[in-house]
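Here is what each chain is made of, one letter per residue.
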Amino acid sequence: MKKILIIIFLFLLSSCRSDFITFKKNISSYKSYNPNHLKDYYELYKTNNSYILTLNLINHPTFYTTSYNQIYYNDILLVNKLHGLTKDFIPKNLVEVKNINFVKRTNEIMMLDKVALTNLELLFMDAKSQNIDLLLYSAYRSYDKQLSLWKTTPTFDNLYKAVPGYSEHQTGLAVDISTIDEGLTSTKTKAYEYLEKNAYKYGFILRYPKDKTDITGYAYEPWHFRYVGSISTFIYENNLTLEEYIYNYIEIKQ
Ligand SMILES: [Zn+2]
């Protein structure tokens, strides 16, 4: 009996050891791996089974509270209350909005990133085929424009406004969507129902969802969508914010 117990014990010990060796081999292949944290990585990994999340949690425990300027995670430009853009940041591929319904304002040319606009046009066309007339309310917003808005609206609700340089609209990838009949998209409209179910098919995500204010720093904005490209489906299906997606699925190397 004693012998059997010893054999079982040795077997368990060796399997733990081989788990650890496999773990070490795998995690050390990541760029942000730091050998000093190996023990911490291993303990944490046992609870979440994700190499990326483990690395990020240990390497960047202050991700949600640390600010960086002009920060890309893989190819994703993150702009939020902490991550801003410099004054002179102008997106490279801005093009003029022409082929869809948009709000015309004096002395203003509405612009958006070229790829985002192509996809937005498809989204608007698809909506139109279902008798929903979407209207682009705002798109790219330059630093100067943000500054003038900031100055003209000195009292503001911080959960809706961004200080100049911290608006996602400066990326050229964010849009506020309105409708011809009902104004800015709100939850009870047909337009919103449509967008909620279909925007991701064209690479857009609802950027400030309900009940995620503690993560995004913004109140629920059913009109504000962000172009993220092909990751939109994953984000949509897993009910994530952009911040959650980056932290859980992209190895942060900064
Ligand atoms: Zn917006």
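As a starting point, this report considers the structure included with it. It should be emphasised that the depicted structure is a prediction, and the values quoted were computed from it without experimental measurement.

### Some remarks on the packing of helix H2 (residues 38-48) against helix H3 (residues 51-59)
Between H2 and H3, the least distance of the axes is 9 Å, while the angle of their chain directions is 130 degrees. In this view, H2 runs oblique relative to H3, as classed from their interaxial angle. For the crossing formed where H2 meets H3, the hand is right-handed. Across the interface between the two elements, Asp40, Tyr41, Leu44, Tyr45 and Asn48 of H2 pack against Tyr51, Leu53, Thr54, Leu55, Leu57, Ile58 and Asn59 of H3. Here the contact of H2 with H3 is built from residues that sort into eight nonpolar, three polar and one charged.

### Description of unusual backbone geometry
A positive phi angle is found at Asn49, which is not glycine, with a value near 60 degrees. Position of Asn49 relative to the elements: it lies in the loop between H2 and H3. Not every positive phi belongs to a glycine, and Asp211 is a case in point at roughly 65 degrees. Among the structural elements, Asp211 can be located in the loop between strand E8 (204-206) and helix H7 (213-216). Given a relative accessible area of 71%, Asp211 falls into the exposed group.

### Observations concerning the coordination of the zinc ion
Coordination sphere of the zinc ion, protein contribution only: His169 (NE2), Asp176 (OD) and His224 (ND1), at 2.1 Å. All donors of the zinc ion belong to a single chain; written as a sequence motif, their spacing is H-x6-D-x47-H. Within this pair, whereas His169 is found in the loop between helix H5 (143-152) and strand E6 (174-179), its partner His224 is found in strand E9 (residues 224-227), the two being separated by 55 residues in sequence. Each member of the pair, His169 as well as His224, carries the same accessibility label: buried.

### Focus: the pattern of salt bridges
Under the criterion given, the structure shown has nine salt bridges. Here Glu168 ties to Arg207 by a salt bridge, and the two come within 2.7 Å at their closest N and O atoms. Remark: Arg207 occurs in the loop between E8 and H7 and Glu168 occurs in the loop between H5 and E6; sequence separation between them is 39 residues. Arg207 gets classed as buried once you look at its relative accessible area, which sits at 1%. We note a salt bridge from Glu244 to Lys212, for which the minimum N-O separation is 2.9 Å. In this pair, Glu244 is assigned in helix H9 (residues 242-249) and Lys212 in the loop between E8 and H7, connecting sequence segments 32 residues apart. Assigned by exposure class, Glu244 and Lys212 land together as buried.

Calculation notes
Position labels on residues start from 1 in each chain and follow its written sequence. Predicted model: local features are reported for residues with pLDDT of at least 70 only, side-chain atom pairs are reported and counted for 80 or more only, and whole-chain, interface and lining totals are derived from all residues. Water and hydrogen atoms play no part in the side-chain values, which are based on all heavy atoms of the structure. Orientation is described by axes fitted as lines to C-alpha atoms, over the contacting stretch for helices, and by angles from 0 to 180 degrees between their N-to-C directions. Here a helix means four or more residues in a row that DSSP labels H or I, a strand means two or more in a row labelled E, and each is numbered from the N terminus. For classification purposes, an angle smaller than 35 degrees is called roughly parallel, one larger than 145 roughly antiparallel, one from 65 to 115 roughly perpendicular, and anything else oblique. When the near helix sits turned anticlockwise from the far one by under a right angle, the crossing is termed left-handed; a clockwise turn instead gives a right-handed crossing. Every residue pair with non-hydrogen atoms within 4.5 Å of one another is taken to be in contact. All amino acids are sorted into three groups, where Ala, Val, Leu, Ile, Met, Phe, Trp, Tyr, Cys and Pro are nonpolar, Asp, Glu, Lys and Arg are charged, and the leftover types, Gly among them, are polar. Classification of residues uses two cut-offs on accessible area relative to the type maximum, computed with a 1.4 Å probe and protein chains only: under 20% is buried, over 50% is exposed, and between them is partly exposed. A 2.8 Å cut-off from the metal defines N, O and S donors, relaxed to 3.2 Å for Na, K and Ca; water is not in the atom list, so some sites may appear incomplete. The term salt bridge refers to a side-chain nitrogen of Lys or Arg lying within 4 Å of a carboxyl oxygen of Asp or Glu.

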